[in-house]
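As a plain string of letters, each chain reads:
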Amino acid sequence: MEFELNKKNIILLIILVIVFSAGILLHNYRNPVKENKKTEKITLVKDYSRFFTISNAGNKYIQYLKNKDKDNLIILLNESYLTLNDINENNVLEKLTLLSSGNYSFEARKMYQENKNKNLIRYYIKGDLTKEVMDEYQRPTDYYLIIDLDIKNMTFSVTPYDGKLFKEAK
């Protein structure tokens, strides 16, 4: 049996290619390729207003830590962090790494966000912690925090962080 290239066979071949292409497109539409959601979920914060709002929340934590304000630290720290580390009002100052006396400033340098659900956004912050000393330069140290923002209630909680996300990105 020989294949003849006539008008009827060309039309059948074109129809076959169109049906095959439509089948592939329909399959891809119904079954999209699933990518790695972890890298997709964590993105660099580009909204300046949100960046500075979250940075100020980190500053508030640093000030409470500097002042050894255990009542406000308990309120500010993340519930799961408190539970995991068995922290309460009586031992909060012993369990956290305290700052020596003096004034400190915290300035966020880089921030990532991860949408945990429709009401909760987690921010991973890398910043500079600097002891403010008159007439002397103090080299800033890297300081990492996680801040969870509940956008429904506009409240936040803080978790001290080891900076793993930032250290892996190098």
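Quick notes on the rules
- Residues numbered from 1 in each chain as written.
- Predicted model: local features only at pLDDT ≥ 70, side-chain atom pairs only at ≥ 80, totals over all residues.
- Heavy atoms only, no water.
- Pairing = 2+ DSSP bridges.
- Helix = DSSP H or I, 4+ residues; strand = E, 2+ residues; numbered from the N terminus.
- Axes fitted to C-alpha atoms, helices over the stretch in contact; angles between N-to-C directions.
- Phe/Tyr/Trp six-rings, centres within 6.5 Å; stacked < 30°, edge-to-face > 60°.
- Buried < 20%, exposed > 50% of the residue type's maximum accessible area, 1.4 Å probe, protein only.

Draft legend 1. Broad picture of the sheet that holds strand β1 (residues 42-44). Reading across the sheet, the five strands line up as β1-β2-β3-β4-β5 and stay open at both edges, with antiparallel pairing between neighbours. Since the sheet does not close on itself, it has two edges, and those belong to β1 and β5 (155-160), each with one partner. Ignoring strand direction, the axes of neighbouring strands in this sheet form an average angle of 35°. Note: strand β2 (residues 103-115) against strand β3 (residues 120-132), twelve bridges, orientation antiparallel. What sits directly across from M111, in β3, is I125.

Draft legend 2. Examining the packing of aromatic side chains more closely. One pass over the structure, following the stated rule, counts three aromatic pairs. A ring pair is formed by F106 and Y143, whose centres lie 6.1 Å apart and whose planes are at 75°; its orientation type is edge-to-face. You can see F106 sitting in strand β2 and its partner Y143 sitting in strand β4 (residues 141-150), a full 37 residues away along the chain. With a relative accessible area of 3%, F106 lands in the buried category. Measuring from ring centre to ring centre gives 5.6 Å for Y124 and Y161, while their planes differ by 55°; the resulting arrangement is tilted. Placement of the pair is Y124 in strand β3 and Y161 in the loop between β5 and α7 (164-169), with a sequence separation of 37 residues.

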